[in-house]
Amino acid sequence: MSNKSYLSVYAKSFSWAGYFLPRETLKKCSALYDFCRVADNIADDDGNIKNKEKKFEQFENDFNQKNFDSPIIKNMWDLIEEFNISLKIVQDLLTGIKSDIKNKVKLNSKKDLLIYSYRVAGTVGLMMAKILKVNKKSSLRSAIDLGIAMQLTNISRDVIEDSKNNRFYINENFEEISSTINLADIFYENSFYSIKDIPISFRFSILVARRVYRKIGHKILNKKNLENYQNSGKIYVSNSEKILETFFAIFDLIKLSFSYRKDDSIEHDLTLINEEINLDERI
């Protein structure tokens, strides 16, 4: 991939927010994203299921056996050791991605949707928080919330594209798309006050990423109906909108500075996930 990281190529919103991180920290966050992206690409690439299963199994084996011939795997193990990341979190991520390697993917309940969103994105939020030196348990739960919120936003945005690939995370009707965005909003709200627990030099970047990503959901709601949604193509946040959301994030930073709300008092909507996955063991 030449000198470009996967972050700058695939994740424009995160890449934008990354400008506000110290260079060394951005490098570490990019290493995490690269690992996730390489695993994800195996599931998403064209090709028959058997080949993808074989490739994914090889990737998992390379990871488990610490095959440091791959810089992506070496960098990931460096992060695991430096920031004391539980291997259970990485295994959750790989389980989530592997669940997409099927002829047809269909989630049938809110619980399925939340568990899937935790595995493929809440895990990333949790690992990112550890890289950003967050240690408080309630704040790490909020990092899971933010990851889930962003995944629910992705799912709401990509309904048409996913259905073409025989993936049905939610049903293709505007009511369900809207309710998924409203569910994402609860998780975005739950993530806010814990951002105060992130060291000051990293805080603004997370506020920017949160705002820019949340904006995608609000743009989808503005479509009002399925027909407008279908005709709009991939919904994204333009550069001028990113600048505006970055400006609003300054007010979020001020609001956080003057806030005395304890994140311990936040009710995290993680009960359904906890029925299947013991999050305390991951945090």
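Description of the structure in this document.

Basis of the calculations
- Residues numbered from 1 in each chain as written.
- Predicted model: local features only at pLDDT ≥ 70, side-chain atom pairs only at ≥ 80, totals over all residues.
- Heavy atoms only, no water.
- Helix = DSSP H or I, 4+ residues; strand = E, 2+ residues; numbered from the N terminus.
- Buried < 20%, exposed > 50% of the residue type's maximum accessible area, 1.4 Å probe, protein only.
- Contact = heavy atoms within 4.5 Å.
- Axes fitted to C-alpha atoms, helices over the stretch in contact; angles between N-to-C directions.
- Parallel < 35°, antiparallel > 145°, perpendicular 65-115°, else oblique.
- Left-handed = near helix turned anticlockwise from the far one by under 90°.
- Nonpolar A, V, L, I, M, F, W, Y, C, P; charged D, E, K, R; others polar.

1. Things to note about the side chain of R157
Within the element layout of this structure, R157 appears in helix α8 (residues 137-157). Accessibility expressed as a relative area gives 15% for R157, which makes it buried. With residues up to four places along the chain from it excluded, the contact list for R157 reads Y213, I216, I220, Y229, K234 and I235.

2. Things to note about the packing of helix α10 (residues 174-192) against helix α11 (residues 200-221)
Two numbers describe how α10 lies on α11: the axes approach to 10 Å, and their chain directions differ by 160°. With respect to α11, the axis of α10 lies roughly antiparallel. Where α10 crosses over α11, the handedness of that crossing is left-handed. In contact with F174, I177, S178, I181, N182, D185, Y188, E189, S191 and F192 of α10, α11 contributes L207, R210, Y213, R214, G217, H218, I220 and L221. Tallied by class, the residues present in the contact of α10 with α11 amount to nine nonpolar, five polar and four charged.

3. Remarks on the packing of helix α7 (residues 110-131) against α10
Packing of α7 against α10 brings their axes to within 13 Å, and their N-to-C directions diverge by 55°. Classed by the angle they form, the pair α7 and α10 counts as oblique. With respect to the hand of their crossing, α7 and α10 are arranged in right-handed fashion. Of the residues in α10, those in contact with K110, L113 and L114 of α7 are T180, L183 and F187. Partitioned by chemical class, the residues of the contact of α7 with α10 number four nonpolar, one polar and one charged.

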